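# Structural description and commentary
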Amino acid sequence: MTQYETAVARYFEAWNATGPEARAKAVAAAWTEDGGYTDPLAEARGHEQLAAVIAGAQEQFPGHEFRLTGAVDGHHAMARFSWELVATADGSAPVAATDVITLAEDGRIRFVLGFLDRVPTTG
């Protein structure tokens, strides 16, 4: 597994971790202490805020898990990958996105820049 694939695997472990303690541990393993995340709907900096954003997504989409779609593409200290938020009951995926990450020297994520490719419509 490359350093990029390892970082992305830890990223998904964090997004799929349930319960405050497991989530906090997974966030700390995936991100640097001052790590950040931003997409069109959320912005977070530091482990506490990152865990809160993840908890919020899990509350909004119960019974779903984040899954990698395709390969991780990386160079230097950056990587990009796509993912879907998949319902475990029926396999539907209401959310899809492409993320770009920057890595720290220790292989943890410094920053995530997310682009939402598909989101549920309301109304």
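Procedures and definitions
- Residues numbered from 1 in each chain as written.
- Predicted model: local features only at pLDDT ≥ 70, side-chain atom pairs only at ≥ 80, totals over all residues.
- Heavy atoms only, no water.
- Pairing = 2+ DSSP bridges.
- Helix = DSSP H or I, 4+ residues; strand = E, 2+ residues; numbered from the N terminus.
- Axes fitted to C-alpha atoms, helices over the stretch in contact; angles between N-to-C directions.
- Contact = heavy atoms within 4.5 Å.
- Phe/Tyr/Trp six-rings, centres within 6.5 Å; stacked < 30°, edge-to-face > 60°.
- Buried < 20%, exposed > 50% of the residue type's maximum accessible area, 1.4 Å probe, protein only.
- Salt bridge = Lys/Arg side-chain N within 4 Å of Asp/Glu carboxyl O.

What follows deals with the sheet that holds strand S4 (residues 78–87). Read from one edge to the other, the open sheet built from six strands follows the order S2-S1-S6-S5-S4-S3, with strand pairing classed as mixed. Both edges of this open sheet fall to strand S2 (42–45) and strand S3 (64–75), since each of them pairs with a single strand only. Sheet twist, expressed as the average angle between the axes of neighbouring strands with direction ignored, equals 20°. With nine bridges joining them, S3 and S4 adopt antiparallel strand pairing. Residue pairing in the sheet places Gly74 in a bridge with Ala79 of S4. Of the strands in this sheet, strand S1 (31–39), S3, S4, strand S5 (95–103) and strand S6 (109–118) touch helix H1 (residues 3–16), which is tilted by about 160° from S3. Each of S1 and S6 is contacted by helix H2 (residues 20–30), which is oriented at about 95° to S1, the strand it contacts most.

Taken as a whole and judged by the stated rule, the model has eight aromatic pairs. Measuring from centroid to centroid gives 4.8 Å for Trp15 and Phe66, while their planes differ by 50°, and the two rings are tilted. Of the two residues, Trp15 sits in helix H1 while Phe66 sits in strand S3, which places them 51 residues apart along the sequence. We classify Trp15 as buried; its relative accessible area is 5%. Each residue in the set Tyr11, Phe12, Trp15, Trp31, Tyr37, Phe66, Phe81 and Trp83 is aromatic and connected to the rest through ring pairs, giving one cluster.

With that settled, consider the pattern of salt bridges. Following the criterion strictly, the structure yields five salt bridges and no others. Among the salt bridges present, the one from Glu33 reaches Arg108, with a minimum N-O distance of 3.2 Å. Residue Glu33 is found in strand S1, and its partner Arg108 is found in the loop between S5 and S6; the two are separated by 75 residues along the sequence. Judged by its relative accessible area of 54%, Glu33 falls in the exposed class. On the basis of relative accessibility, which here comes to 15%, the residue Arg108 falls in the buried class. A salt bridge links Asp106 to Arg108; the shortest N-O distance between them is 2.9 Å. Note on Asp106: relative accessible area 48%, which makes it partly exposed. Taken together, the shared-partner salt bridges connect Glu33, Asp106 and Arg108 into one network.

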